Every structure is written in structure tokens, then in C-alpha cells.
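So you can see what is in the structure, the chains are spelled out below.
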Amino acid sequence: MAVRSATLIPLYIQRIRECLKIKDKSIRRNTWKTLAEPVSVLLELSEDSDLLYSVFSDEEFDLFQTLVESYPSESTATHPAARRESAKLSEYASVAALPSMPWIPRGRGSSTVKKPTDSRNLRSVQQIPTSEFFGRILSYQEARPTSDTNNFPRNLRVPHDDYPFVQSAGCFSAESEAHVISWVHQVALQTAVCLLHNTEPGSKAWNVGNATSQQGLSDVVFKSVSNTKGAQSNVNEQLIAIEVKCPWVLPLSEMKEITKFHNGLPNRSEVKLAREERGSSPGRQKEPEYTTAQRVLAQVYDYCKEQKNHFFIITTYEYWMFGVFSQDYSLATVTEPLPYNHQGTTILQCIKYWLQSSLFLPGSFEIPE
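Cut-off values and rules
- Residues numbered from 1 in each chain as written.
- Predicted model: local features only at pLDDT ≥ 70, side-chain atom pairs only at ≥ 80, totals over all residues.
- Heavy atoms only, no water.
- Helix = DSSP H or I, 4+ residues; strand = E, 2+ residues; numbered from the N terminus.
- Expected span 1.5 Å × (residues − 1).
- Buried < 20%, exposed > 50% of the residue type's maximum accessible area, 1.4 Å probe, protein only.
- Contact = heavy atoms within 4.5 Å.
- Core = buried A, V, L, I, M, F, W, Y, C linked by side-chain atoms within 4.5 Å.
- 1 Å grid on protein atoms, 1.4 Å probe; cavity = no way out; pocket = protein on both sides within 12 Å on 5 of 7 lines; lining within 4 Å.
- Points joined across faces, edges and corners; volume = space filled by probe spheres on them.
- Axes fitted to C-alpha atoms, helices over the stretch in contact; angles between N-to-C directions.
- Parallel < 35°, antiparallel > 145°, perpendicular 65-115°, else oblique.
- Nonpolar A, V, L, I, M, F, W, Y, C, P; charged D, E, K, R; others polar.
- pLDDT = per-residue confidence, 0-100.
- Phe/Tyr/Trp six-rings, centres within 6.5 Å; stacked < 30°, edge-to-face > 60°.

A word on helix 13 (residues 292-307)
With 16 residues, helix 13 should cover 22 Å at 1.5 Å per step; its first-to-last C-alpha distance of 23 Å lies within 8% of that length. Among the 16 residues in helix 13, twelve count as buried, and that is most of the element. In the core, the buried residues of helix 13 are packed alongside strand 1 (124-127), strand 3 (220-224), strand 4 (238-244), helix 11 (252-258), strand 5 (311-315) and strand 6 (319-325). Remark: Lys308 follows helix 13 within two positions and exhibits a positive phi of approximately 60°.

Examining the nonpolar core
Ranked by internal contacts, the top residues of the largest apolar core, which has 59 residues, are Tyr92, Phe133, Tyr317, Trp320 and Trp354. Not counting residues within four places of it along the chain, the set of residues in contact with Tyr317 comprises Leu98, Pro99, Ser100, Met101, Val180, Trp183, Val184, Val187 and Tyr340. Membership of the second largest hydrophobic core comes to 23 residues, among which are Val125, Leu250, Tyr301 and Tyr329.

What about the layout of surface pockets?
Estimates place the volume of the second largest pocket at around 400 Å³. Along the wall of the second largest pocket there are 16 residues; nearest its centre are Arg15, Glu18, Phe134, His342 and Gln343. Looking at the lining of the second largest pocket, the elements that each hand over two or more residues are helix 1 (3-21) and helix 9 (130-143). Looking at which element gives the most residues to the lining of the second largest pocket, the answer is helix 1, with five residues.

Overview of unusual backbone geometry
Although it is not a glycine, Tyr329 adopts a positive phi angle of roughly 65°. Within the chain, Phe360 stands out as a residue other than glycine whose phi angle is a positive 60°. Note on placement: Phe360 falls in the segment after helix 14 (347-358). Among the residues examined, Phe360 registers a relative accessible area of 55% and is labelled exposed.

Considering the side chain of Asn309
Among the secondary structure elements, Asn309 is positioned in the loop between helix 13 and strand 5. Dropping the residues within four chain positions of it, Asn309 is found in contact with Gln238, Leu239, Ile240, Ala241, Cys304 and Tyr329.

What to know about the packing of helix 2 (residues 25-32) against helix 9
Two elements in contact, helix 2 and helix 9, have axes whose closest approach is 8 Å; the angle formed by their N-to-C orientations is 75°. Overall, the two elements helix 2 and helix 9 adopt an arrangement that is roughly perpendicular. Contacts between helix 2 and helix 9 involve Ser26, Ile27, Arg29, Asn30 and Thr31 from the former and Ser131, Glu132, Gly135, Leu138, Ser139 and Glu142 from the latter. A breakdown of the residues in the contact of helix 2 with helix 9 according to their chemical character gives two nonpolar, six polar and three charged.

Notes on the confidence of the model for the chain
Detailed reading of the predicted model is not advised wherever pLDDT is low. Considering every residue of the chain, the mean pLDDT works out to 78; 75% of them sit at 70 or more. Element-level pLDDT for the chain is lowest in helix 7 (residues 80-85), with a mean of 34, against a maximum mean of 98 in strand 6. Note on residues 73-86: pLDDT is under 50 here. Beyond four places in sequence and across chains, it has 23 contacts. Within the model, the stretch residues 227-236 combines pLDDT values under 50 with 15 contacts to residues more than four positions away or in other chains.

Quick look at the environment of Gly344
Its place among the elements puts Gly344 in the loop between strand 8 (338-339) and helix 14. With relative accessibility at 14%, the residue Gly344 sits in the buried group. Gly344 sits 311 residues away from Lys33 along the chain, and the two C-alpha atoms are 8.4 Å apart.

Some points on the side chain of Thr346
Residue position: Thr346 is located in the loop between strand 8 and helix 14. Those residues within four positions of Thr346 in sequence are excluded, and the remaining contacts are Ala93, Ser94, Val95, Ala96 and Ala97.

Structural notes on the packing of aromatic side chains
Here the structure, examined in full by the defined rule, presents 20 aromatic pairs. Consider the rings of Tyr317 and Tyr340, whose centres lie 6.1 Å apart with planes at 25°: the pair is stacked. With Tyr317 in the loop between strand 5 and strand 6 and Tyr340 in the loop between strand 8 and helix 14, this residue pair connects regions lying 23 residues apart in the sequence. As far as the burial class goes, Tyr317 and Tyr340 line up, both buried. Ring geometry for Trp354 and Phe365: centres 5.2 Å apart, planes at 55°, overall tilted. Pair noted here: Trp354 is in helix 14 and Phe365 is in the segment after helix 14, with a separation of eleven residues, a long-range link. Judged on exposure class, the residue Trp354 and its partner Phe365 are both buried. Joined through ring pairs, the aromatic side chains of Phe133, Phe134, Tyr140, Phe311, Phe322, Tyr353, Trp354, Phe360 and Phe365 make up one cluster.

This is the structure we're talking about:
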């Protein structure tokens, strides 16, 4: 057994145990499909020891055995060395975790300041359970699989040991927001769009690029590229707002706060009243202010309404949050922040699914009423 696998055994056991706890059979089945390597390693170890009996309860062990027998192809997937000999594009997105982005904080970066107003109508934020989000991705992937081909697009920029012919984007260490945007755009988004174009040939009229309005819109958008050369893209042709922040400006703790705004964004009057209740001096009449997380959400809200789209992504490259506003923009549904190197269901798969959903393809994530 490889040393790498040995060091990952505790993590493998934890991931399998989490899968066994999922009650919904469909979601549990799709989650199980992401655990090919962990299950394969544990099955290999169990041939010479009582490992499975020692780490699982009787109920967990019985369910583990049932899943192995029910879905043998997922449980006995070939190891990376074997995959390297017959690399398929259909497998690439499920194993290619984003590479690490080295960064050095250099100031606060460019930031659009958003203040409380009485015009925003965001009254609730709900979180999508991560297991449900991943289950949806895998169900959609089964319905619309990537072409099983050895011919890889040239623009893939997420390297992996099993795919030595995929070149890195060659981005430098991130020292500014512009550098982080380069990593997000050239590494993650460009690769996801390549995979999308393979699965959905009709999507080739859409690509990621800079927002084109003269007003302050999101850093990157998923937009139509079918208009004539040199013509400015209409905001109605922009499907996803992708807001990029430096990891030292929007740390994980602040991103997590976005999922906790169960009452939405407070308006100007509510923020002012809350400040007065905290005992602020009436002699110092400062303008009501948002927290960092509230400012980011307000920024994305304004951009989506301006661009007339509903889907959005908030990312520092290190963490990714996928969200969608309801038809009237009163509700935001978001995932928890997901790390760039997430295994099982990769960020590439998440991005591709969100791009597909913005195209309103059958079986994708629907905009809440």
C-alpha cells in the first residue's frame, strides 16, 4: 500500500462514515460514488486485518457491505497508476483538485464600499446542505456525462499527476486582487468552461470574461460571446456574477457569516436602530455601516440585479461559495464555503454545474420562486 494512502486512512474512514450517515438513499448513493479510492484502500487493507470490524459499528459495517455489493464498480475503481494508462476526459473533473495559490498580502485591494439602504429586498439567506449540493451535481453528471474521450481540450489548466499533459496556467504568487482574479479566471473558470463545452456543445456561445458595463459590476461574468467582434455585451446576456476577493480581505470566518444571515440584509433603518441599541453616542451621527460579510453580499446582490441574473459565485480562490437569488431577489440560497482542493466532488465539478444551471438546462439547479 502506498505511503500516501496510509497517511490518509483516518480521513478515508471519516469520509466513508459521513456517507453512511446520509439518510436519503439517492444522495447517499451519489456520495458513495465519490469515495472510490477510500473504499478501495479499505477493502485492500481488510483482506489482511480486521480493520473494518474495528472502525465501524455493526450497523455501519452492514451498510458498508451492502453498498460495496450494490455498487461494485464504484467500490473497486482502479488506482491512479492504472488510470494514467487510459486517462479519460470523463474522469478528469472528478479527480483534478485546484492547485494551491501562493499569496502574499499587499494592502486591502480594490473594494467597492456598500452601505445599508432601504431599497435592497433581500429578506432571507438559506444554506444548501453540502451533501444535497454534491448529490445534485452527481445526479446531473450521470444524466449528462462528459464525453469519454482521450482527446483533451488544450485549455485545461488544472494539472494532475494522472494527466501529465495538462499544463498549469503559470500564474504568479497573488499579491493583489488582480492576481487572485487571474488565478480564478485562468485556472479554475477556464478549465470548467472547457469541460462545459465538451458536455454541452450548445454552450459554446457562452464563456467567462470581464463584465462590460461602465458601471461597477462583478469581477468576472459568464456571458454570451456570440455578438459581433468589438460590440459591447448586453447585461441581459450575462448569466453569473463571479465576485473575487483577496483571501486576506475576506477570510473564511467572514465567508461563513454570509450563510448565517437568516433574516437577509438589514436596511439602513435597521442598522441605525441596532447601533443605537448598542449605546452609540447620539452626538456622533455616523452613517450606518455593514460588516465585511454584509458588504460582500450587498455587492453581489446589487451586481446581480444590475446584470439581471440570479446565479453568483463568491470566491477568494482558497474558498468558493455558490449561490442563487430567487425570482424577486428576496431570498439567497448559498452553499457553505468550499476549499479549493476539495476531494470527492471537486471545485471544477461545482463550477461546471453552476454554469450549467445558469443556462437553465433540464435537471440543473432551479431558481427559487
